[in-house]
Amino acid sequence: MLLKSWFERRRARKMCEYAMAYLKPTVVSSEPGLDLGPASPIARNLGHGLLETYVVDKGNHFEMVQSAHLQLAGVEMESFRAQAVSNLFGYACNQGVEIIRTGHVWAVVNVGGIEASLILADDFWERDFMGKYVENSFTVSIPARDVLGFCDSRDDEGKQELRDGVQRVWGSLDTDRKTLISDRLFTRVDGAWLPEEN
């Protein structure tokens, strides 16, 4: 029994150490919620239909970090979140993140299929090199887990291109519906992402 609990604590510590922030849509359901207790994935409601969750890359899938992992590891949520966001930024860098211009917008690519999650990494948006892409603030589209586009917040043509891209992703029969995130645009204001009026 002691050996089993030692392994469980060790696994929980590893889950917390390697977790990265992961963006998901808020699920709206008329069904009553199912409370899984300690087995519930950790989720932070960002509002506007977005959730910040936490995953560990297992090579061929992502495993959700659960409340029980934090409890067993004895980790505080604030320090856990800071580490998970830092891990996301590191993951993106290790994947070889690139920023490619297309028309009036920029596409963020090569982040291992979780490009949209980069809106959770303040370090990414606040880096000096990002200033060369916009004069004002950033407006982003995150229609699906693997799609992140952005333009200058005052570029109306860029915003229209982002909206058109969202419609293409959401309207495509080839899109895996489970990967959809949001059909809205978001603008970065004082470190927060606020939805644009459609």
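Within each chain, residue numbers correspond to sequence positions counted from 1 in written order. In keeping with the model being predicted, local features are shown solely for residues with a pLDDT of at least 70 and side-chain atom pairs are shown and tallied solely at 80 or more, while totals for entire chains, interfaces and linings include all residues. Only hydrogens and water are removed before side-chain values are computed, so all heavy atoms of the structure are retained for them.

**A short note on the overall build of the protein**
Part 1 of the reasoning: Assigned secondary structure in the protein consists of five helices and ten strands.
Part 2 of the reasoning: Should any heavy atoms of two residues lie within 4.5 Å, those residues are counted as being in contact. In the protein, 61% of the contacts between residues at least 6 apart in sequence involve partners at least 24 apart.
Part 3 of the reasoning: In this description, accessible areas are obtained by the Shrake-Rupley approach with a 1.4 Å probe, and a residue is regarded as covered only by the protein chains that are shown. A total accessible area of about 11,300 Å² is found for the protein, and carbon and sulfur atoms account for 50% of it.
Part 4 of the reasoning: Charge separation in the protein, taken as the distance between the mean sites of 22 positive and 29 negative side-chain charges, equals 7 Å. Numbered from the N terminus, helices here are DSSP runs of H or I no shorter than four residues, and strands are runs of E no shorter than two. Neither His nor the chain ends is counted toward charge; the positive residues are Lys and Arg and the negative residues Asp and Glu. Where a charge lies is defined by one atom per residue type, namely NZ (Lys), CZ (Arg), CG (Asp) and CD (Glu).

**Things to note about unusual backbone geometry**
Part 1 of the reasoning: The backbone phi angle of His48 is positive, close to 55 degrees, even though this residue is not glycine.
Part 2 of the reasoning: Mapped onto the secondary structure, His48 falls in the loop between β2 (43-47) and β3 (50-57).
Part 3 of the reasoning: You can call His48 partly exposed: its relative accessible area is 39%.
Part 4 of the reasoning: With a phi angle near 65 degrees, Asn110 is a residue other than glycine that sits in the positive phi range.
Part 5 of the reasoning: Along the chain, Asn110 falls in the loop between β6 (105-109) and α4 (122-126).
Part 6 of the reasoning: Think of it in three bands: with a 1.4 Å probe and only protein chains considered, a residue is buried below 20% of the maximum accessible area for its type, exposed above 50%, and partly exposed in between. On the basis of relative accessible area, Asn110 is assigned to the partly exposed category, the value being 35%.

**Notes on helix α3 (residues 77-95)**
Part 1 of the reasoning: Multiply 1.5 Å by the residue count of a helix minus one, and that product is the helix's expected span. A rise of 1.5 Å per residue sets the reference length of α3, with its 19 residues, at 27 Å; its end C-alpha atoms lie 26 Å apart and thus fit the reference within 8%.
Part 2 of the reasoning: Restricting attention to buried positions, one finds in α3 the residues Phe80, Ala84, Val85, Asn87, Leu88, Phe89, Tyr91 and Ala92.
Part 3 of the reasoning: Taken from the residues just after α3, Gly96 is the one with a positive phi, measuring 90 degrees.

**Quick look at the environment of Val108**
Part 1 of the reasoning: Position of Val108 among the secondary structure elements: in strand β6.
Part 2 of the reasoning: If near-sequence neighbours (up to four positions away) are discounted, Val108 is found in contact with Val97, Glu98, Ile99, Glu115, Leu118, Phe124, Leu148 and Phe150.

**Examining helix α5 (residues 156-171)**
Part 1 of the reasoning: Its 16 residues place the ends of α5 22 Å apart at the C-alpha level, agreeing with the 22 Å of an ideal helix rising 1.5 Å per residue.
Part 2 of the reasoning: Turning to α5, its buried residues are Gly158, Lys159, Leu162, Gly165, Val166 and Val169. Buried residues of α5, seen end-on, are gathered within an arc of 120 degrees and therefore sit on one face of the element. Exposed residues pointing more than 90 degrees away from the buried face of α5 are listed as Asp156, Glu157, Gln167, Arg168 and Gly171.
Part 3 of the reasoning: Each element contacted by the buried residues of α5 is listed here: β6, β7 (138-141), β8 (149-152) and β9 (185-189).
Part 4 of the reasoning: In protein, a polar contact requires one atom able to donate a hydrogen and another able to accept it; more generally it is a pair of N or O atoms within 3.5 Å, and residues adjacent in sequence count only if both atoms are side-chain atoms. Where α5 begins, the side chain of Asp155 points an oxygen toward the backbone nitrogen of Glu157, at a separation of 3.1 Å. Starting at the helix axis, one direction is taken to each C-beta atom, and the arc is that of these directions.

**Focus: the confidence of the model for the protein**
Part 1 of the reasoning: Confidence in the prediction of the protein, expressed as mean pLDDT, is 89, and 91% of residues score 70 or more.
Part 2 of the reasoning: Confidence per residue, as judged by the predictor, is encoded in pLDDT with a range of 0 to 100. Segment residues 29-34 is flagged for pLDDT under 50; beyond a separation of four residues in sequence, or across chains, it makes zero contacts in the model.

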